[in-house]
Amino acid sequence: MNESGVKKVMDTLEFLSQDREARRLYEERPKYLHDEASMIEWLTEPEIQSLKG
């Protein structure tokens, strides 16, 4: 990682350590994306099977 990348990460960590709401949102985003991907997978799997059968 180059110096500008390290600085960006350090700035982000500093910001998140000072703002609880921003940190909460930052931590919830990957959980939301995982849940959304799981839901899409679950919703489309029966449709895929009906096309095969």
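Residues numbered from 1 in each chain as written. Predicted model: local features only at pLDDT ≥ 70, side-chain atom pairs only at ≥ 80, totals over all residues. Heavy atoms only, no water.

**Let's talk about the overall build of the protein chain**
Stated precisely, the cut-off is as follows: Numbering of helices and strands runs from the N terminus, with a helix taken as a DSSP run of H or I at least four residues long and a strand as a DSSP run of E at least two residues long. Burial classes: relative accessible area under 20% of the type maximum marks a residue as buried, over 50% as exposed, and values in between as partly exposed (1.4 Å probe, protein chains only). Only the protein chains shown count as covering a residue, and every accessible area follows the Shrake-Rupley method with a 1.4 Å probe. Neither His nor the chain termini are counted; the positive set is Lys and Arg, and the negative set is Asp and Glu. The location of each charge is read from NZ of Lys, CZ of Arg, CG of Asp or CD of Glu.
Helices and strands together make up the secondary structure of the protein chain, namely two helices and zero strands. Taken along its principal axes, the extent of the C-alpha atoms in the protein chain is 55 × 30 × 5 Å. A buried classification covers 6% of the 53 residues belonging to the protein chain. Of the roughly 5300 Å² of accessible surface on the protein chain, a fraction of 59% belongs to carbon and sulfur atoms. Separation of charge centres in the protein chain, based on 8 positive and 12 negative side chains, amounts to 4 Å.

**A look at the environment of Leu16**
Cut-off, in case you're wondering: Two residues qualify as a contact provided that any one of their heavy atoms is within 4.5 Å of a heavy atom in the partner residue.
Relative to the helices and strands, Leu16 resides in helix H1 (residues 3–18). Separated by 30 residues in the primary sequence, Leu16 and Pro46 place their C-alpha atoms 41 Å from one another. Sequence-distant contacts of Leu16, defined by excluding residues within four places in its chain, comprise Ala22, Arg23 and Tyr26.

**Some remarks on a nonpolar patch on the surface**
Formally: Exposure above 30% relative accessible area and the lack of any salt bridge qualify a residue for a patch; like charges then connect within 9 Å, and the nonpolar side chains Val, Leu, Ile, Met, Phe, Trp and Tyr within 5 Å. What makes a salt bridge here is a side-chain nitrogen of Lys or Arg within 4 Å of a carboxyl oxygen of Asp or Glu, nothing more.
Residues Met1, Val6, Val9, Met10 and Leu13 make up a contiguous nonpolar surface patch of roughly 530 Å² in combined accessible area. Turning to its location among the elements, Met1 is positioned in the segment before H1.

**A closer look at the pattern of salt bridges**
Counted according to the given criterion, the structure contains four salt bridges. Between Glu27 and Arg23 there is a salt bridge; the shortest N-O distance is 2.9 Å. Here Glu27 pairs with Arg23, and both are found in helix H2 (residues 20–52), just four residues apart, close to one helical turn. Since its relative accessible area comes to 42%, Arg23 is described here as partly exposed. Glu28 is the salt-bridge partner of Arg24, the closest N and O atoms lying 2.7 Å from each other. Pair noted here: Arg24 and Glu28 are both in helix H2, with a separation of four residues, about one helical turn. Residue Arg24 is classed as partly exposed on the basis of its relative accessible area, which comes to 35%.

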